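# An overview of the molecular structure
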Amino acid sequence: MRERGPAAELWSEAMSPSERVNQLRALIGHHDQRYYELDAPEVSDTDYDALQRELRQLESNHPELVDTLSPTQRVSFAANTLFSPVEHLQPMLSLDNVFGWDELVGWDARNRKLLEPGTALRYVVELKIDGLAMNLTYDHGRFVRAATRGDGKIGEEVTENVRTIAAVPKQLICEDAANVMEVRGEVYMPRRSFEALNERRAEANEPLFANPRNSAAGSLRQKDSRVTAGRDLSFWCYQLGAVDGGPAFTSHSEALSFLDHCGLPVNPDIATYDTLETVFERCMHWQEHRHSLPYDIDGIVIKIDSLAIRSELGSTSKAPRWAIAYKLPPEERTTLLKDIQVSIGRTGRATPFAVLEPVFVGGSTVGMATLHNQDQVRFKDVRPGDTVIVRKAGDVIPEVLGPVLSLRPPDAPEWIFPTDCPVCRVPLVRPEGESDHRCQNVDCPAQSFARLAHFGSRGAMDIEGLGEKSVGLFIEQGLLNDVGDIYDLASKIDSLRALDRYGETSITNLLGAIEGSKVRPLGNLLFGLNIRHVGSTIGQVIAKAFGSMDTLMVASEEEIASHEGIGGVIAKSVADWFSDPEHQLLIERLRISGLNFVGPAAPLLAQTLIGMSIVVTGSLEGFSRDGAEEAITSRGGKSPGSVSKKTTALVIGAEPGQSKVTKAEACGVPVLNEKSFVELLESGRLPD
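Residues numbered from 1 in each chain as written. Predicted model: local features only at pLDDT ≥ 70, side-chain atom pairs only at ≥ 80, totals over all residues. Heavy atoms only, no water.

### Remarks on the pairing of strand β22 (residues 649-652)
Pairing of strand β21 (residues 614-617) with β22 involves four bridges; the strand directions are parallel. Of the residues in β22, the one forming a bridge with Ile-614 is Ala-649. As judged from the two bridges shared by β22 and strand β23 (residues 671-672), these two strands associate in the parallel manner. Looking at β23, one finds that Val-651 is bridged to Leu-672. (Pairing = 2+ DSSP bridges. Helix = DSSP H or I, 4+ residues; strand = E, 2+ residues; numbered from the N terminus.)

### Re the packing of helix α12 (residues 445-455) against helix α13 (residues 468-476)
Running from N to C, α12 and α13 point in directions that differ by 130°, and their axes come no closer than 9 Å. Classified by the angle between their axes, α12 and α13 sit oblique to one another. In this structure, α12 crosses over α13, and the sense of that crossing is right-handed. Along the contact surface, α12 presents Phe-449, Leu-452 and Ala-453, while α13 presents Glu-468, Val-471, Gly-472 and Ile-475. Looking at the contact of α12 with α13 residue by residue, the classes come out as five nonpolar, one polar and one charged. (Axes fitted to C-alpha atoms, helices over the stretch in contact; angles between N-to-C directions. Parallel < 35°, antiparallel > 145°, perpendicular 65-115°, else oblique. Left-handed = near helix turned anticlockwise from the far one by under 90°. Contact = heavy atoms within 4.5 Å. Nonpolar A, V, L, I, M, F, W, Y, C, P; charged D, E, K, R; others polar.)

### Focus on the packing of aromatic side chains
Any two aromatic rings considered together are summarised by their centre-to-centre distance and by the angle between their planes. On inspection of all chains with the given rule, the structure shows 12 aromatic pairs. For the ring pair Tyr-188 and Trp-236, a centre distance of 6.3 Å and an interplane angle of 10° mean the geometry is stacked. Within this pair, whereas Tyr-188 is found in strand β9 (residues 180-188), its partner Trp-236 is found in strand β10 (residues 234-244), the two being separated by 48 residues in sequence. By the burial criterion, Tyr-188 is buried, and Trp-236 matches it. Ring geometry for Phe-474 against Tyr-502: centres 5.5 Å apart, planes inclined by 40°, an arrangement best described as tilted. With a gap of 28 residues between them, Phe-474 in helix α13 and Tyr-502 in the loop between α14 (493-497) and α15 (504-517) connect regions that are remote in the sequence. Owing to a relative accessible area of 0%, Phe-474 belongs among the buried residues under this scheme. With a relative accessible area of 8%, Tyr-502 lands in the buried category. Each residue in the set Trp-101, Phe-280 and Tyr-326 is aromatic and connected to the rest through ring pairs, giving one cluster. (Phe/Tyr/Trp six-rings, centres within 6.5 Å; stacked < 30°, edge-to-face > 60°. Buried < 20%, exposed > 50% of the residue type's maximum accessible area, 1.4 Å probe, protein only.)

### Details of helix α17 (residues 536-546)
If you check which residues of α17 are buried, you get Ile-538, Gly-539, Ile-542, Ala-543 and Phe-546. An end-on view of α17 places all buried positions within 140° of arc, on one side of the element. With respect to the buried face of α17, the exposed residues turned more than 90 degrees away are Thr-537 and Lys-544. For α17, the secondary structure elements touched by its buried residues are α16 (522-528), α18 (549-553), α19 (557-561) and α20 (568-579). Where α17 terminates, the next one or two residues include Gly-547, which has phi positive at roughly 80°. (Arc of directions from axis to C-beta.)

### So, the environment of Lys-303
Examined against the element boundaries, Lys-303 turns out to sit in strand β12 (residues 297-304). A relative accessible area of 5% places Lys-303 in the buried class. Lys-303 sits 51 residues away from His-252 along the chain, and the two C-alpha atoms are 8.4 Å apart. Contact partners of Lys-303, with chain neighbours within four places excluded, come to Arg-122, Tyr-123, Val-124, Glu-126, Tyr-238, Gln-239, His-252, Arg-310, Trp-322 and Ala-323.

### Quick word on the state of the cysteines
Two cysteines whose sulfur atoms are joined by a covalent bond form what is called a disulfide. Summed over all chains, the structure comprises one disulfide. With no disulfide partner, Cys-667 has as its closest neighbouring cysteine sulfur the one in Cys-283, 15 Å distant. (Disulfide = S-S within 2.5 Å.)

### Section: the environment of Ser-634
Inspection of the secondary structure assignment puts Ser-634 in the loop between α22 (625-633) and β22. Linking Ser-634 and Glu-558, residues 76 residues apart in sequence, is a C-alpha distance of 40 Å.

### Some remarks on the sheet that holds β22
A sheet is described by the order of its strands in space; here three strands give the open sequence β21-β22-β23, paired in parallel fashion. Of all strands in the sheet, those with a lone pairing partner are β21 and β23, marking the two edges.

### Let's talk about the environment of Glu-254
Summarising the element assignment, Glu-254 is placed in helix α8 (residues 252-261). Using a relative accessible area of 35% as the deciding quantity, one classes Glu-254 as partly exposed. Glu-254 sits 51 residues away from Asp-305 along the chain, and the two C-alpha atoms are 8.9 Å apart.

Here you go:
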C-alpha cells in the first residue's frame, strides 16, 4: 500500500489503472458534493487539484478509459436541489490550471499550434477571486436573475439573495445596454467581514466558517434573504456571457470597459500584456502581494484578449482553450494531527499547538500550527489522529481550522488540557474572566527563552541574528540568562568563536546588530521588556506620553492610566512591573550598556543602494526576510517581490524560489550569494 494523501485514501500497488480511475472519479464526485452543494469541504483545493491531475494523467496514459462523464471531461459542479434550476443562455465553463512557468509556456504553445504562425497575442491578466461564481442576467439594463454555475449548463437560482448585495447594480446606468446580457463574476466575502461574522458566531456559540469562500457560499444558499443581507457580501464581474443587442466588441478588454461604463464593478487590478514573460512577472507579483488585498485570491487568470482568436481556439467540453488559471501556492491543506502539545510563552501564557504530519502550505512546509487556547480546542473538537484542515497565509502563524469528521478514527479520545506546566511542572492557572492558562513561575526556562527571543525580534529591539535558534544555543552554553546579558556578548567573543555555527562574519554581524539596537526608540524597548499587556502599539503610546524611561519608572498607576489610550489594566501591569526590584536592576544594567531611554530615531545609514532594485529569495544565514529588506531599503534601495529586467541583482539563500532564479537567468540579472550581498550593502558595487 502507498499513501496518496488524505484526499486520495490508500492506493494498493496491485490496483489496476481502471480500478484507480474509478476510485478517483468516485472521490472527486464526493468532494464536489461536499464543496459545491454542502459548502463543507473535507479537503483543500490543492488536494482536490492533485486528484484531478492524477486522473487526467491516467486517462492520458490509457485513452480507452476516458469517459464523457469523467470529471476531466465536464464541469465538476452540481446544482443544489434547495433552489430552482435555471439554464444559462451560454454555458459557464470552468478553467484549467497551471502551476508554474513551464506549464504556462505549455498552455501558450498549445494555443499557438492552433493558430497561424506569427499570430500576435495580447493577454489580459485578472485576479482569481476566491468566492462563488455567479451569472447575472440583465434585461434592458434591469437586473432580473442570478444563478450559480451549477454543472455549467444549469445552475441554481439565487436572485433574491444576490439582490441584497450592494455591489450588484439593480439597474445599469448606461443607455446602450444590451436587450439581454449575461454578466459573469464572483461573489465573495471581504476578509474584514469574514472576521466579524466569525466573531459573532463565536459569541453565539455557533460553528465557525473555515474561510471567506465557504462563508460566501453558505451565505448565498440561505432560504431567507435577510440572512444573506447581513453577511456583507460583494461582487466583481470579469466576463460577458450571452448578449442580445448592444455594442459590438473586438476584445475582452473592450467588453470589460463596457461593463464598467454600465456601472458594474470591474476589478481595478486587471492589466493587459503583450508577452508571456510580463504575464508571469504579474503572477509573481501577486504571489508576493496577495495579502495586500482586502479579499482572498487563489490564483491569477490569464485570458487571450482578442475575441476573434478566442473563437478560433474554441473550448474543450470543460474549459476554454483561450484562458488558464495560474494557481498560487496553497494556503489551506489537509494533513494528519499527530499530537497536541502546550508551549509556554514569554509572559507565561500556555498555548496549545498541533504537531502535524509536515505539509506544504502557504509557501513553506508546516509541521506545527496554533490552536490558541483550551476553549478553541474544545470548540473546534480536534483530536490527535484527526485529519485536519491547516491554513497558513503569508507570514501569519499556521492555524488548524478544524477536523475532517468523516475521516476521524472511531477511537479518537477528546484532548484534555494539562494541569501542570509541561516545562517546570508548576500548576497552570486560568485567571477568572480570561481564556488563557498561565505558568506562574517567572523562572520557568520556557519563559526565559521566550523573553530573550522576543527582545531581539522585529518590532522590539530588532537584533538581526538573535533568533530562536541562536537564543537557544546561547542559553545552553551559559552565555544568556536575561536580556541584560545580550549587551555583554561583545565581551565573550572567544566563547562565540568556539561555537560551530558562528564564523567571523556571523559574529561581526551579530555584535553590530546588538550595538545598533541601542538606539532603538523607547517604545521598542518597552515592548521588548515583556511587560504584560504592552504590545508594540501601546509601547509607542507610553513612550510618547512619558518621554523618558526615568519619568515612567516613578509614575504611579493612576498617573499612567490618566493618559489617553492607556487603560487601567495596562497601567496596573506597567506600574507593577517597574515596582519589582529585579526589574529595576535590569533597567540599570540596560542604562549602563548605553540603551536609548528617550527614543530618538536611529541614525541614517550610508545610502549605498540608491537607484538599485535588489530581490532576495531563500533563507539567508545572517538576515531574516524582513531584515534583508530593511537592510536594502535603509540604504536607499528598493526590495520588490519579483524579478524583472530592471532588477539590479538577485540574492539567493538556502532553498531559493526557482521561478525567481529562472527569471533572473532569462533577464541577465546578476545572482549573488550572501557574502556578495553583504559586500554590496557596504560598497554599493556589484562584484566583478
